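# Examination of the molecular architecture
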Amino acid sequence: MLTGSCYCGAVRFEVDDAFGYAFYCHCSRCRRRTGAACAAIGGIEIERVRVADSEQLLRVGECEDGYRCLCKQCFSPLYDVVRGHKFAHVQLGALDGAPTRRPDHHIFAGSKAAWHPITDALPRFDEFPP
């Protein structure tokens, strides 16, 4: 079991340490959303994420595929509900500890920030992997 929280601590959550996949996303939306060169994301079934006080969650960008969950107080990105509301893409930086499954590839490397070199040997995909 892993725990996590937003910057101000208003939202605490638990997630099973059983991510099915994990990656670094370099798309322009993730850069703008996080203010970083890329986002470190772990994917898991939505029912394996439990929020202590869901009243503090702000749901934005709702569509048929999913939505984004932020803290209502500090607006920290916590996770996205994706893939038809069946999975969560958890921001690994919001976790208190390290997950067993570490990011093992980069996506949208073709549109990465020009000022950020990727220095590891993990596989890179210009868009989504095949």
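This write-up is about the structure you can find in this document. Remember, it's a predicted structure, so these values are computed and weren't measured experimentally.

There is about 480 Å³ of room inside the largest pocket. The wall of the largest pocket is formed by 22 residues, among which Arg 29, Arg 68, Asp 80, Val 82 and His 89 lie closest to the centre. Within the residue set of the lining of the largest pocket, elements represented by two or more residues are strand 3 (21–25), helix 1 (28–34), strand 7 (67–71) and strand 8 (77–82). Space inside the second largest pocket adds up to approximately 180 Å³. Together, Ser 5, Cys 6, Tyr 7, Thr 34, Ala 39, Ala 40, Ser 76, Pro 77, Gln 91, Leu 92, Gly 93 and Ala 94 line the second largest pocket. Here the residues of the lining of the second largest pocket sort into seven nonpolar, five polar and no charged.

Counting 20 residues, the largest nonpolar core has Val 15, Tyr 79 and Val 90 as the members making the most contacts within it. Aside from chain neighbours lying at most four places away, what touches Val 15 is Met 1, Leu 2, Ile 44, Arg 48, Val 49, Arg 50, Val 90 and Leu 95. Counting residues in hydrophobic clusters, the runner-up holds eight residues, among them Cys 27, Cys 30, Ile 107 and Phe 108.

Here we have three strands laid out as an open sheet, ordered 1-2-5, and antiparallel in their pairing. Where the open sheet ends on each side, the last strands, each with one partner, are strand 1 (2–5) and strand 5 (49–51). Along the sheet, successive strands turn relative to each other by an average axial angle of 25°, direction set aside. Where strand 2 (residues 12–15) meets strand 5, three bridges bridge the pair, whose relative direction is antiparallel.

Rules used throughout
Residues numbered from 1 in each chain as written. Predicted model: local features only at pLDDT ≥ 70, side-chain atom pairs only at ≥ 80, totals over all residues. Heavy atoms only, no water. 1 Å grid on protein atoms, 1.4 Å probe; cavity = no way out; pocket = protein on both sides within 12 Å on 5 of 7 lines; lining within 4 Å. Points joined across faces, edges and corners; volume = space filled by probe spheres on them. Helix = DSSP H or I, 4+ residues; strand = E, 2+ residues; numbered from the N terminus. Nonpolar A, V, L, I, M, F, W, Y, C, P; charged D, E, K, R; others polar. Core = buried A, V, L, I, M, F, W, Y, C linked by side-chain atoms within 4.5 Å. Buried < 20%, exposed > 50% of the residue type's maximum accessible area, 1.4 Å probe, protein only. Contact = heavy atoms within 4.5 Å. Pairing = 2+ DSSP bridges. Axes fitted to C-alpha atoms, helices over the stretch in contact; angles between N-to-C directions.

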